[in-house]
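Single-letter residue listing:
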Amino acid sequence: MALMLLPPAGAAPAPAPVLDLMPLCGGTSTNQQGDRLAAALAPYVREGRPVRVSLHGATPFSSSFLNSALGTLIDAYGVEAVRAVLRLTAYLPSYAQAFKHYLDTYPRPRPVR
């Protein structure tokens, strides 16, 4: 586990950076668009740094987009690592629910017998 340094007493923590989904990905329906989000999020997940994703102007998410955006990161770093750093902003409740549902139901590794 990485050591997380706290800001000096009385100092406000720096806000997490914001990635604006639509300009970054260009849409929310294809694997390629999901790959763009996964590539942008990977350094944050790998380093355990919080990041916010703005869903302003987003369209409904296809399963292809979510598989590429979130599934790739979960396979590489684990669902808890993704959950620990990812925060959503400027979203419709149904869009946040789609992300939550994906994270909650992503197949867990099966124990080896």
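Residues numbered from 1 in each chain as written. Predicted model: local features only at pLDDT ≥ 70, side-chain atom pairs only at ≥ 80, totals over all residues. Heavy atoms only, no water.

Caption draft 1: Molecular detail of the packing of helix α2 (residues 31-47) against helix α3 (residues 63-77). Direction vectors running N to C along α2 and α3 enclose 30°, while the axes themselves pass 7 Å from each other. Classified by the angle their axes make, α2 and α3 are roughly parallel. In this structure, α2 crosses over α3, and the sense of that crossing is right-handed. Taken together, the residues of α3 that come into contact with α2 (itself represented by Asn31, Gln33, Gly34, Asp35, Leu37, Ala38, Leu41, Ala42, Val45 and Arg46) are Ser64, Phe65, Ser68, Ala69, Thr72, Leu73 and Tyr77. Partitioning the contact of α2 with α3 into residue classes produces 9 nonpolar, 6 polar and 2 charged. (Axes fitted to C-alpha atoms, helices over the stretch in contact; angles between N-to-C directions. Helix = DSSP H or I, 4+ residues; strand = E, 2+ residues; numbered from the N terminus. Parallel < 35°, antiparallel > 145°, perpendicular 65-115°, else oblique. Left-handed = near helix turned anticlockwise from the far one by under 90°. Contact = heavy atoms within 4.5 Å. Nonpolar A, V, L, I, M, F, W, Y, C, P; charged D, E, K, R; others polar.)

Caption draft 2: A look at the packing of aromatic side chains. Scanning the entire structure with this criterion turns up 4 aromatic pairs. Ring plane angle 65° and centroid distance 5.3 Å describe the contact between Phe61 and Tyr95, whose orientation is recorded as edge-to-face. With Phe61 in the loop between β2 (51-54) and α3 and Tyr95 in helix α5 (residues 93-105), this residue pair connects regions lying 34 residues apart in the sequence. As far as the burial class goes, Phe61 and Tyr95 line up, both buried. (Phe/Tyr/Trp six-rings, centres within 6.5 Å; stacked < 30°, edge-to-face > 60°. Buried < 20%, exposed > 50% of the residue type's maximum accessible area, 1.4 Å probe, protein only.)

Caption draft 3: The arrangement of the side chain of Thr28 in detail. Within the secondary structure, Thr28 sits in the loop between α1 (21-25) and α2. Looking at Thr28, its side chain comes within polar contact range of the main-chain oxygen of Pro60, at 3.0 Å. Once residues within four sequence positions are removed from consideration, Thr28 is found in contact with Leu21, Met22, Gln33, Ala58, Thr59, Pro60, Phe61, Ser62 and Phe65. (Polar contact = N/O pair within 3.5 Å; in protein donor to acceptor, adjacent residues only side chain to side chain.)

Caption draft 4: Quick peek at α5. With 13 residues, α5 extends 18 Å from end C-alpha to end C-alpha; this agrees with the ideal 18 Å at 1.5 Å per step. For α5, every residue scored as buried is listed here: Tyr95, Ala96, Phe99, Tyr102 and Leu103. Axial view of α5: buried residues confined to an arc of 125°, hence all on one face. Among the structural elements, α3, α4 (79-85) and β3 (86-89) are those in contact with the buried residues of α5. (Expected span 1.5 Å × (residues − 1). Arc of directions from axis to C-beta.)

Caption draft 5: Structural view of the sheet that holds β3. Strand order in the open sheet made by the 3 strands is β1-β2-β3, with parallel pairing throughout. Every other strand in the sheet has two partners, leaving β1 (18-20) and β3 as the edge strands with one partner each. Going from strand to strand, the sheet's axes swing by 30° on average, the running direction of each strand aside. The pairing of β2 with β3 spans 4 bridges and is parallel. Bridge pairing links Arg52 to Arg87 in β3. (Pairing = 2+ DSSP bridges.)

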